[in-house]
Each structure stands twice: as C-alpha cells, then as structure tokens.
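Residues per chain, in single letters:
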Amino acid sequence: RIVRLVGECGDRARAMSTPGKSMSDVDVVLATTRGDWTSREDGAARFIKVWDFASARAAELYATTTAIEGRGNGKVLGVSTLPRHLRRRATSHAPYLSRRRPNLKRRRGDVGGDVGRGFRLCREALRRRGRLNAETKRVIDGVTFKVLRTHTWHAKRFTTRKHSKWGWILPSIRPGRGRGWRFIMKSIAQSALVHDSSYYSCIVLKGDGAVVRRALVELAVEKKCLNNKMFRAAHRACAMHIETFKNKRTIAPVMAYYMPRAKDSNDSEAHVWVHPAASEKALQAIRAAVARQVARKVKRGGSAVTVETSDAFARLEIIGHKSFEVVQKLVPRLDFLSERHVVRGVRHFVSHDPRAATLNIDQAPERIDDEPSETAPTQAEFNVSCRASRDAMLERPWEPAKAIGLKNYSGLLINRGVNASEGYSVIVPKSWAIPLLLGMSHAGARAAGMKGGAWG
C-alpha cells in the first residue's frame, strides 16, 4: 500500500506539471484509476484527495523510509527484533527458533571484545568431558567454590560435600552399604587405596637458595631435617610443623621439599604443602620470614625471593599392601631395588601416559628421553594412540608391543613411611591428575574420599 501510495504521489506530481490540467482534473484522473472507489454504493467518498491522504500519514511514511535507508548499517528488521510475546502468528509457535541462528547470536554477543557473550550452550555441549574436566570453579547460590581436576570422575562415584571454610567441593564417601570403614581397612590390607589430595595448598618459594633455606629454618619446629644433606640435594622431603615468629605458636603440619636446581644457577625452588584450613596463616608467616631474611641479605648483596600459592600441581596419595605394585606399573623404568628405601625419600621420574600401564604397551626407549609434556592428552587422543599401537602389534606380532604417539610426563615420588606398604605421594602437573588417577584405578587401586582418607 505504501509503494502504491508513493506511486500515486508521483503520478499527481507529473499531472500537475502537465500544462492545461487543473487540480480537479487530476483528482478525477486518480479517482477513476481505482474503479472500485467510484462504483461503491456504501456511502463512501467518491473522490480521494491525494495530498490530504498523504499528509495524514506523513509520520508513517517518514518512519518507513528511515528504516529502509538504515538497513545498510547492520540493523536487522523483521520479527526477530521483537520480544517473543509480541511476535505475530508467523513465528509465535516456534519455541526454538533462535537456536537455528547461532552465528547471529555470537555476532550480537560480540560487544567490547567479548565474543559469544550472549550465546548460551546447550546441555549436551556443557556436559562434554573436556569442558567439565577443565572447570576449576563452580558457583552455587552466589558462592564460588573450587573443584578438583578429578571432580567429574569423583562426582559419578561419591557423594560430594561443600566445605565453605576451605572454599572447596570435595568427594566425601561412596554411597550405599558396604562402603564404610571396614571396606577402607580391607582395601588397605588386600589392595591399595588412592586419595586425591590436590586441595592442599602448594606454596612455592623461588629465588636465592640461602634466603629460602633460612626462612624455612626460622619457621620450622623440627629444624634438624632441614639441615640434612639429602634434603638440600632435593632427594628427601621433610614433614614438619611451622610456627609463628613472635608467639611461637604452631600453625599447621606441612611437607616441604626442593625441586631440582638448574645447571649454573644459584636460585632454588621449594614447595610447601599445607592444609587449606591453615593456608592463609601459613602463607603470611612464610612471607614475613622471607621478608626478614631478604632484609638481612640485601646488605650483603642478596637477591629477592618470590612467595606465591600455585595451583599448577596435583598431589595423589596411595597407601596399602599393593601400593608398591601399582606404582611399579605406573613407572616401570624407575629402579626401586638399587636404592635403599628412605623415609620421605624423593625420586624424580619421567614416564609415559599412566593410562597405558595396564595395556602391556612398552614405550620406545628413544621416546623416554623426549621433553615431558605439561598438558595431558585427552581421552580421545589417547584412544587414537592405543589403536595405532594395536594395529602395529597386529602387523608384527613377533615383536613386543610399542607405544605410538604417547606423551611423557614428569613427576615426584615421595615415600610416606619406613616401608613401601605405607604408601607414596605422587606429585605431577595438574593436567595429568585424571590420567594418573585412571592409571592407578586400572592397576588395582581403589579410590577414597575425604572420610575414607581420614579412616585410612
């Protein structure tokens, strides 16, 4: 109707420019072009004044022409710009119409460099394994909680509990009968028990070796273990208590050890693991001790030391009668017999993917020396490597199976007690927590939550 009205206005303009025609002649010509207007017998007007008709709708014409001219500036017209409850019958029956245009939603969400802010993923995409395993925080009722790297694996098998004081969501206990303390003690006596204790806070001291050692000695209650030669050489960990400087009050028990020092470097890196309930007080005490030692060392030309909490490491505890067998399957190239078993002894190792521990796949000797990877491969990538190894084994069955495409990882193996049955503490990069837990489970270890770990 608007297009026809604009055309009629153009006809009127051309008619007025024609000499010898009056206003009434133009009105008659426009009226007779619409035969239905002149033949109506319902009392309607016989003739229409074009100028009056157009002037009464000037606002509508102006809004329409402005919208048409502005379409080139990225504006979208149509029902998609209206709220759903205002759309008419053409699209009101389609409840999922917006899902058919995901790219449009991503473009609308591209505001201030935040691409896809207005795009909501479907439940299937949210529940994918890689996305769930990568999550480190969960927001529940407006409160942010940290979760373990293995939270998805534990949530399918354990009842979880929110620890508000610590800020963590942790697995508690297996549901159902027969999973109590008798099950835990039987698992320790007959097999092995593994517990993910990555919720402990890892405080990293990095800098001048003399300053780091003196700060630890100043805080430690048991100072004898810190002066041990094996501890200084990064071959032994120290289980001790730290205390405040002024009041000499015990803060919490901690486990401290040195990382291997780089060649031609005087800087040292020490890790201190402390329970999350006392992590803040321990961090403050360590920073204060380092500041005092740095102030004394600056006069003699010493360097600074950084103290920060790191979440780049995962810590798994394994105990039980068969813990030595499980660890030997995970790290087959580590020689346990040539060295004497030392309490809190530290072994540094490089091994292949722990998920291949029970598949009887041997890593090629030349690949063990490769640079270890900080990022673990996904389950899909690991399955591709297993299929390639299986195909190679079927082609040459007279040769031992060799791993193809498996990545290496590095870690620390710390003895927990005087013998192997008291277990080990395995510290690896955080990305390798899930592969390590799966490897231990496949090797015969049984997982335990917070309550089971306390019983053990």
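Residues numbered from 1 in each chain as written. Predicted model: local features only at pLDDT ≥ 70, side-chain atom pairs only at ≥ 80, totals over all residues. Heavy atoms only, no water.

1. Quick notes on the overall build of the chain
Here's step 1: Across its full length, the chain holds 18 helices and 15 strands.
Here's step 2: For the chain, buried positions account for 38% of its 456 residues.
Here's step 3: For the chain, the accessible area works out to roughly 27600 Å², and carbon and sulfur atoms hold 52% of it. (Helix = DSSP H or I, 4+ residues; strand = E, 2+ residues; numbered from the N terminus. Buried < 20%, exposed > 50% of the residue type's maximum accessible area, 1.4 Å probe, protein only. Areas by Shrake-Rupley, 256 points an atom, 1.4 Å probe, with all protein chains shown as cover.)

2. Some remarks on the pattern of salt bridges
Here's step 1: Under the criterion given, the structure shown has five salt bridges.
Here's step 2: Residue K248 pairs with E243 through a salt bridge whose shortest N-O separation is 3.9 Å.
Here's step 3: We note a salt bridge from R315 to E317, for which the minimum N-O separation is 2.5 Å.
Here's step 4: Residue classification places E317 among the buried positions, given a relative accessible area of 9%.
Here's step 5: Each of R315, E317 and R416 takes part in a single network of salt bridges with overlapping partners. (Salt bridge = Lys/Arg side-chain N within 4 Å of Asp/Glu carboxyl O.)

3. Side note on the sheet that holds strand β14 (residues 424-429)
Across a sheet, strands are paired by hydrogen bonds formed along the backbone, either parallel or antiparallel in direction.
Here's step 1: Taken in spatial order, the six strands of this open sheet run β12-β13-β14-β11-β5-β15, and their pairing is mixed. Two strands close off the open sheet at either side, each with one partner strand: β12 (346-352) and β15 (445-447). The mean inter-strand angle of the sheet, taken between neighbouring strand axes irrespective of direction, is 30°.
Here's step 2: As paired elements, strand β13 (residues 408-415) and β14 share four bridges and run antiparallel to each other. (Pairing = 2+ DSSP bridges. Axes fitted to C-alpha atoms, helices over the stretch in contact; angles between N-to-C directions.)

4. Considerations on the state of the cysteines
Here's step 1: Taken as a whole and judged by the stated rule, the model has one disulfide.
Here's step 2: One disulfide bridge connects C225 with C238, the sulfur atoms lying 1.9 Å from each other. Of this pair, C225 sits in the loop between α11 (209-219) and α12 (229-232) while C238 sits in strand β7 (residues 238-243); the two residues are 13 residues apart in sequence, bridging distant segments of the chain. (Disulfide = S-S within 2.5 Å.)

5. Remarks on the nonpolar core
Here's step 1: I203, L205, M240, V272, I286 and V290 are the most contacted members of the largest nonpolar core, which has 32 residues in total.
Here's step 2: For this core, the elements supplying multiple residues, two or more each, are β6 (201-208), α11, β7, β8 (250-258), β9 (267-274), α13 (279-298) and β10 (305-310).
Here's step 3: In contact with V272, other than residues within four places in its own chain, are S201, C202, I203, L205, L216, V254, M255, A256 and I286.
Here's step 4: Grouped together as the second largest cluster of nonpolar side chains are 31 residues, L316, L334, F336 and L436 included. (Core = buried A, V, L, I, M, F, W, Y, C linked by side-chain atoms within 4.5 Å. Contact = heavy atoms within 4.5 Å.)

6. Notes on the confidence of the model for the chain
Here's step 1: In this model, the chain carries a mean pLDDT of 78, and residues with pLDDT of at least 70 account for 73%.
Here's step 2: Within the model, the stretch residues 13-18 combines pLDDT values under 50 with four contacts to residues more than four positions away or in other chains.
Here's step 3: Long-range and interchain partners of residues 110-117, a stretch whose pLDDT sits below 50, account for eight contacts in this model, where long-range means more than four residues apart. (pLDDT = per-residue confidence, 0-100.)

7. Some words on the side chain of D196
Here's step 1: Position of D196 relative to the elements: it lies in strand β5 (residues 192-196).
Here's step 2: Buried charge without a salt bridge: D196, with R315 as the nearest opposite-charge side chain at an N-O distance of 8.5 Å.
Here's step 3: Side chain to side chain, D196 and T150 meet in a polar contact 2.6 Å long.
Here's step 4: Here the side chain of D196 touches S198 through a polar contact of 2.6 Å, side chain to side chain.
Here's step 5: When neighbours within four sequence positions are excluded, D196 is seen to be in contact with L148, T150, H154, R315 and L316. (Lys, Arg positive; Asp, Glu negative; His and termini not counted. Polar contact = N/O pair within 3.5 Å; in protein donor to acceptor, adjacent residues only side chain to side chain.)

8. Examining the packing of aromatic side chains
Given two aromatic rings, their pairing is described by the distance between the two centres and the angle made by the two planes.
Here's step 1: Considering all chains together, one arrives at six aromatic pairs under this definition.
Here's step 2: Ring geometry for Y199 and Y200: centres 5.2 Å apart, planes at 45°, overall tilted.
Here's step 3: Note on Y199: relative accessible area 5%, which makes it buried.
Here's step 4: Residue classification places Y200 among the partly exposed residues on the basis of a relative accessible area of 25%.
Here's step 5: Ring centres 5.1 Å apart and planes at 55° place the aromatic pair F231 and Y258 in the tilted group. Of this pair, F231 sits in helix α12 while Y258 sits in strand β8; the two residues are 27 residues apart in sequence, bridging distant segments of the chain.
Here's step 6: On the basis of relative accessible area, F231 is assigned to the buried category, the value being 2%.
Here's step 7: Counting every residue linked through ring pairs, the aromatic cluster contains F324, F336 and Y424.
Here's step 8: Above the ring of F382, the side-chain terminus of R355 is found at 4.7 Å from the ring centroid. (Phe/Tyr/Trp six-rings, centres within 6.5 Å; stacked < 30°, edge-to-face > 60°. Lys NZ or Arg CZ within 6 Å of the ring centre and 35° of its normal.)

9. Focus on a positive patch on the surface
Here's step 1: The grouping of R123, R127, R129, K156 and R157 at the surface amounts to a positive patch.
Here's step 2: Along the chain, the position of R123 falls in helix α7 (residues 123-126).
Here's step 3: The exposed category is assigned to R123, whose relative accessible area is 64%. (Patch = residues over 30% accessible without salt bridge, like charges linked within 9 Å, V, L, I, M, F, W, Y side chains within 5 Å. Charge placed at Lys NZ, Arg CZ, Asp CG, Glu CD.)

10. A few points about the pairing of β12
Here's step 1: Counting buried positions along β12 yields five of seven residues, so the element is predominantly enclosed.
Here's step 2: By the bridge criterion, seven bridges tie β12 to β13 in an arrangement that is antiparallel. Bridge assignment links F349 to a residue of β13, and that residue is G411.

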